[in-house]
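# Remarks on the overall topology
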Amino acid sequence: MAEELLAPEVVADYKARAISQPLVEHIYTADPSAHVFNGKIYIYPSHDIEAGIPFNDNGDHFGMEDYHVISLDSPDSPAVDNGVALHVKDVPWAQRQMWAPDAAHKNGKYYLYFPAKRADDIFQIGVAVSDSPTGPFTAEPEAIKGSYSIDPAVFEDDDGNYYMYLGGIWGGQLQNYRNNQYHADLGEPADHEPALGPIIARLSDDMKEFAEEPREIQILDENGQPLLAGDHDRRFFEASWVHKHNGLYYFSYSTGNTHFLCYATGDNPYGPFTYRGQILTPVVGWTTHHSVCKYQDQWYLFYHDSVLSQGITHLRSIKMAPLTHKADGSIETIDPYR
Ligand code: FUB
């Protein structure tokens with residue numbers, strides 16, 4: 001099924017009302033994972049392409065092949081495309097679908113974490129290493145042992161521990177796992193059952209392995225009960241991210257088919273996290289995926305939409321906008337179009 005383009009007047013209206021413009025327009029980019037390394041902003045996005053694969057619920061039309069790192073000297077500086085940082089042909093275990101990545105910095109080395117499908121169509125997460133935040137990165141020969149599903153996000157805590165958050169349902173295959181075991185015939189829980197949670201594992205000292213068995217995170221409602229699988233406006237779908245503000249851990253994520261970016265807070269990296277609200281209302285395009293990053297004293301939301309491609313879901317553009325924490329710790333909801 002081909003997607004229909006938005007009418008030019010609709011696109012013009014979205015452009016006029018957009019709170020920010022694409023950071024780069026010469027390529028399509030999505031799923032921006034932003035970090036400040038050595039005083040500069042580095043964004044690790046997906047690099048969207050038209051792979052010519054028909055749209056389906058597995059997301060096969062997201063046929064990305066490589067990663068480019070985008071850097072900004074400061075939030076007001078031009079965004080610079082630093083070229084190809086890693087290509088799927090240089091990842092021995094991966095075949096296709098280089099989806100949302102993230103990166104981490106430790107002891108002068110930079111680590112790029114990325115999901116991709118193996119030859120048997122199962123997603124795993126890999127790591128590639130570089131001496132530079134912009135790459136090129138050299139991939140480890142095997143995927144991270146015990147990894148699965150998609151959307152790795154790595155959080156560095158104040159005590160020097162690094163944690164990977166991961167997972168995504170539907171095309172991201174998380175519904176096929178329980179207790180870290182793959183079951184081809186498993187699906188999502190029934191609507192009245194607890195929703196599937198994102199997965200967390202602490203990383204090893206060398207940043208290339210899990211230092212512990214991955215475990216599922218609980219997201220609770222205002223009564224301390226797990227969000228239910230049928231609660232599509234609030235339950236976890238994909239796009240994990242964690243940031244810490246005033247000692248509170250903020251776990252944020254996409255609700256997928258209801259198109260919200262939501263957040264929940266907790267007092268430690270493993271949760272449980274309690275649902276607090278929406279960060280971003282729906283953007284143009286099916287997916288929504290983000291990061292939250294502080295530059296000097298200002299927090300920013302990095303996100304994407306499909307306005308530049310006239311609404312094509314798999315041709316997205318990364319954007320950034322200021323994000324505000326209120327005095328009570330809640331986050332002001334952002335409407336991407338005024
Ligand atoms: O970019 C491919 C997939 O789309 C990501 O992994 C998801 O989070 C969604 O943004």
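To be clear, the structure that these remarks concern was listed above.
Structural notes, computed from the coordinates. (Residues numbered from 1 in each chain as written. Predicted model: local features only at pLDDT ≥ 70, side-chain atom pairs only at ≥ 80, totals over all residues. Heavy atoms only, no water.)

## What about the environment of Pro 45?
- Mapping Pro 45 onto the fold places it in strand β2 (residues 40-48).
- Spatially, the C-alpha atom of Pro 45 lies 9.6 Å from that of His 290, the residues being 245 residues apart in sequence.
- Setting aside its immediate chain neighbours within four residues, Pro 45 contacts Thr 29, Ala 30, Asp 31, Pro 32, Tyr 67, His 68, Ile 70, Pro 101 and Ile 318. (Helix = DSSP H or I, 4+ residues; strand = E, 2+ residues; numbered from the N terminus. Contact = heavy atoms within 4.5 Å.)

## Regarding the pattern of salt bridges
- Under the defined criterion, the tally for this structure stands at 16 salt bridges.
- Here Asp 157 and Lys 244 are joined by a salt bridge, their closest N and O atoms 2.9 Å apart. Highlighted residues: Asp 157 in the loop between β9 (153-156) and β10 (162-166) and Lys 244 in strand β16 (residues 238-245), separated in sequence by 87 residues.
- Via salt bridges that share partners, Asp 31, Asp 48 and Arg 316 belong to a single interconnected network. (Salt bridge = Lys/Arg side-chain N within 4 Å of Asp/Glu carboxyl O.)

## Looking at the pairing of strand β13 (residues 199-202)
- As defined by bridge partners, β10 adjoins β13 across four bridges and the pair is classed as antiparallel. Looking across to β13, one finds that Tyr 165 is bridged to Ile 200.
- Bridge count for β13 against strand β14 (residues 215-216) is two bridges, and the pairing is antiparallel. If you follow Ile 199 over to β14, its bridge partner there is Glu 216. (Pairing = 2+ DSSP bridges.)

## Side note on the site of the ligand
- Around the ligand, the structure places Asp 31, Ser 46, Met 64, Trp 99, Ala 100, Ile 150, Asp 151, Glu 238, Thr 287, His 289, His 304 and Arg 316.
- Contacts to the ligand include Asp 31, whose side-chain N or O atom sits 2.5 Å from an oxygen atom.
- Protein contacts shield 99% of the accessible area of the ligand, which totals 280 Å² for the unbound molecule.
- The residue inventory of the shell around the ligand, partitioned by class, reads four nonpolar, four polar and four charged. (Near = heavy atom within 4 Å. Polar contact = N/O pair within 3.5 Å; in protein donor to acceptor, adjacent residues only side chain to side chain. Areas by Shrake-Rupley, 256 points an atom, 1.4 Å probe, with all protein chains shown as cover. Nonpolar A, V, L, I, M, F, W, Y, C, P; charged D, E, K, R; others polar.)

## Structural notes on the nonpolar core
- Counting residues in each nonpolar core, the largest one holds 40 residues, and the members touching the most others are Tyr 113, Met 164, Tyr 165, Leu 203, Phe 251 and Tyr 253.
- Every element with two or more residues in this core is listed here: β6 (109-117), β7 (123-130), β9, β10, β13, β17 (248-254), β18 (261-266) and β19 (273-280).
- In contact with Tyr 165, other than residues within four places in its own chain, are Asp 151, Pro 152, Ala 153, Phe 155, Ile 199, Ile 200, Ile 217, Ser 240, Val 242, Phe 251 and Pro 269.
- Among the nonpolar cores identified, the runner-up in size contains 26 residues, and Phe 62, Trp 99, Leu 112 and Ala 128 belong to it. (Core = buried A, V, L, I, M, F, W, Y, C linked by side-chain atoms within 4.5 Å. Buried < 20%, exposed > 50% of the residue type's maximum accessible area, 1.4 Å probe, protein only.)

## A word on the sheet that holds strand β22 (residues 317-323)
- Reading across from one edge, β20-β21-β22 is the order of the three strands in this open sheet, with antiparallel pairing throughout. Edge strands, defined here as strands with exactly one partner in the open sheet, are β20 (291-295) and β22. In this sheet, neighbouring strand axes are inclined to one another by 30° on average, regardless of whether the strands run parallel or antiparallel.
- Sheet topology places strand β21 (residues 298-305) next to β22; seven bridges connect them, and they run antiparallel. By the bridge assignment, Phe 302 is partnered in β22 with Met 320. (Axes fitted to C-alpha atoms, helices over the stretch in contact; angles between N-to-C directions.)

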